[in-house]
Amino acid sequence: SGTRGLADVVEAVHHTVLQVPGPLGKVAPGRTRGITGLVYRNVHGVAGLVGGGLDLALQVFSSLDKGASGPRREALLAALNGVLGDHLAATKNPLATPMAWRQAGRDLDLQSAASLSASLAAPASGRLLVLVHGLCMNDAQWLRNGHDHGAALAAEAGWTPVYLRYNSGLHIAHNGAQLARELEALLRAWPVPVEELALLGHSMGGLVARSAVQQARAGRLAWPRALRRMVFAGTPHHGAPLERGGHWIDTLMRLSPYIAPLARVTRLRSAGITDLRHGGGPALPRGVRCFALAATTGEQPGGWRDTLLGDGLVPLRSALGEHEDAALALGLPAAHKAVITEAGHFDLLDRPAAYEQLRRWLG
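These notes cover the structure that comes with them. Computed from a prediction, not measured in an experiment: that's the story for all the values here.

## Some words on the nonpolar core
Here is step 1 of the chain: Residues Leu197, Leu199 and Trp223 are the most contacted members of the largest nonpolar core, which totals 60 residues.
Here is step 2 of the chain: The contact partners of Leu199, leaving out residues within four places of it in the chain, are Val130, Leu183, Ala209, Val213, Trp223, Leu227, Arg229, Met230 and Val231.
Here is step 3 of the chain: Core analysis: the next-biggest nonpolar cluster, separate from the first, contains 25 residues, Ala157, Ala338, Leu348 and Tyr355 among them.

So this is what it looks like as structure tokens:
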């Protein structure tokens, strides 16, 4: 269709932006990769729905296969929520993902300590590790190539992992506020006293975790008193090219009436995605040991590739919380930062080097 064709053009422009050629240089044809590619693949699917009425198509999709489950369907729903989650929530579409605590692929029951204990896959410990996934993902996708950071840290360091599932298309601040309330309920129902709480966020999940701590402290909730450590893996503290590039395209297209129709397609980005334009958020919480794990596709850190692309989505300095403006830099000590080389954004979920670093920080 024409709409799908426009999506092809937009992705081609975004692909060119990410390749960063010289003013007169040529860029190899192709599609975007990583989370950028994931989002555009879903935009292609959504573009096919626009012509026939987006809401009607979503309702049909919801009625088909209703009640069915499985990793592929769950992954599709997570991606759909990442791209259109704010729209799904605003229209009360049943495809909108509600925030929930999960373990071993099942919801946890927080009605009481007894019901929570019964719904846990293993006995609770006093070391609680909360894992917060990134954009267009879900709790099950912490398992990659047979490895799950939470399960490994449970076996080797005595943590009890609990996984958050949420609608990543909503504003980061909205998810942060809800996570703050959900953490209060989780610790209140936890079957044993929580001696130590740690938050591990991948990508956008790190920004949601930062927002949750800030809002919980502002609201004088109790759970931050148990928080000892926060680990950010590939978190765009200072923004990601995915959204910055898309915003640039939007602005450029509005300048010309000849290409303005393309803006309708590029605006198929959720509030969660647009929040990634600058990253940011509150300063890191005092009294909490914070760590940043980053990746670079290069053989070693340094050079223009790290500055612009980093792990394919998040620039290296953004993931490490570094900034030329000292007021914006997170100021993490060198021992609290690490870089995995020859790795992409998703490789932070399963590379042995990434896990070994997490084990050192959370051991």
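## A closer look at helix α14 (residues 352–362)
Here is step 1 of the chain: Residues of α14 that are buried: Ala354, Tyr355, Gln357, Leu358, Trp361 and Leu362. Each buried residue of α14 lies within a common arc of 160° when the element is viewed along its axis, so the set occupies one face. Seen from the buried face of α14, the exposed residues on the opposite side, beyond 90 degrees, are Pro352 and Arg360.

## A word on the pairing of strand β7 (residues 196–202)
Consecutive side chains along a regular strand alternate between the two faces of the sheet.
Here is step 1 of the chain: Of all 7 residues that make up β7, 7 are buried, and the element is covered over most of its length.
Here is step 2 of the chain: Burial along β7 is two-sided: Glu196, Ala198, Leu200 and His202 facing one way and Leu197, Leu199 and Gly201 facing the other are all buried.
Here is step 3 of the chain: Relative to β7, strand β3 (residues 127–132) runs parallel, the two being bridged by 6 bridges. Its bridge partner lying in β7, Leu129 is registered against Ala198.
Here is step 4 of the chain: Note on the crossover from β7 through helix α8 (residues 204–218) to strand β8 (residues 227–233): the handedness is right-handed.

## Observations concerning the packing of aromatic side chains
Where two aromatic rings form a pair, the distance of their centres and the angle of their planes describe that pair.
Here is step 1 of the chain: Under the counting rule described, the total for this entry stands at 1 aromatic pair.
Here is step 2 of the chain: Above the face of the Trp159 ring, Arg127 is positioned so that its terminal group lies 4.1 Å from the ring centre.

## Re the layout of surface pockets
Here is step 1 of the chain: By volume, the second largest pocket is sized at about 240 Å³.
Here is step 2 of the chain: Among the residues forming the lining of the second largest pocket, the class breakdown is 9 nonpolar, 4 polar and 3 charged.

## Re the pattern of salt bridges
Here is step 1 of the chain: If you walk through the whole model with that rule in mind, you get 14 salt bridges.
Here is step 2 of the chain: Put simply, Arg351 and Asp347 hold a salt bridge, and the shortest N to O gap is 3.4 Å.
Here is step 3 of the chain: A residue is classified by how much of its surface remains accessible, and Arg351, at 27% relative accessible area, is partly exposed.
Here is step 4 of the chain: The buried category is assigned to Asp347, whose relative accessible area is 17%.
Here is step 5 of the chain: Between Glu356 and Arg359 there is a salt bridge; the shortest N-O distance is 2.6 Å. One end of the pair is Glu356 and the other is Arg359, both in helix α14 and 3 residues apart, which spans about a single turn.
Here is step 6 of the chain: On the basis of relative accessibility, which here comes to 31%, the residue Arg359 falls in the partly exposed class.
Here is step 7 of the chain: One network of salt bridges, in which partners are shared, links Glu74, Arg102, Asp107, Asp139 and Arg165.

## Digging into the side chain of Asn93
Here is step 1 of the chain: Within the secondary structure, Asn93 is located in the loop between α4 (71–90) and β1 (100–103).
Here is step 2 of the chain: Classification of Asn93 by relative accessible area gives buried; the value is 7%.
Here is step 3 of the chain: There is a polar contact of 2.8 Å between the side chain of Asn93 and the backbone nitrogen of Leu95.

## Comments concerning the sheet that holds strand β10 (residues 337–340)
The strands that make up a sheet pair up through hydrogen bonds in the backbone, lying either parallel or antiparallel.
Here is step 1 of the chain: Taken together, 8 strands build an open sheet; the order of strands is β2-β1-β6-β3-β7-β8-β9-β10 and the sheet is mixed. Sheet topology places β2 (106–107) and β10 at the edges, where each strand pairs with a single neighbour.
Here is step 2 of the chain: Alignment of β1 against strand β6 (residues 160–165), held across 3 bridges, turns out to be antiparallel. By the bridge assignment, Trp101 is partnered in β6 with Leu164.
Here is step 3 of the chain: Across the sheet, helix α6 (residues 149–157) touches β3, β6 and β7, and the angle it forms with β6 is around 165°.

Rules behind the numbers
Residues numbered from 1 in each chain as written. Predicted model: local features only at pLDDT ≥ 70, side-chain atom pairs only at ≥ 80, totals over all residues. Heavy atoms only, no water. Core = buried A, V, L, I, M, F, W, Y, C linked by side-chain atoms within 4.5 Å. Buried < 20%, exposed > 50% of the residue type's maximum accessible area, 1.4 Å probe, protein only. Contact = heavy atoms within 4.5 Å. Helix = DSSP H or I, 4+ residues; strand = E, 2+ residues; numbered from the N terminus. Arc of directions from axis to C-beta. Pairing = 2+ DSSP bridges. Right-handed = clockwise from strand over helix to strand, strands pointing away. Phe/Tyr/Trp six-rings, centres within 6.5 Å; stacked < 30°, edge-to-face > 60°. Lys NZ or Arg CZ within 6 Å of the ring centre and 35° of its normal. 1 Å grid on protein atoms, 1.4 Å probe; cavity = no way out; pocket = protein on both sides within 12 Å on 5 of 7 lines; lining within 4 Å. Points joined across faces, edges and corners; volume = space filled by probe spheres on them. Nonpolar A, V, L, I, M, F, W, Y, C, P; charged D, E, K, R; others polar. Salt bridge = Lys/Arg side-chain N within 4 Å of Asp/Glu carboxyl O. Polar contact = N/O pair within 3.5 Å; in protein donor to acceptor, adjacent residues only side chain to side chain. Axes fitted to C-alpha atoms, helices over the stretch in contact; angles between N-to-C directions.

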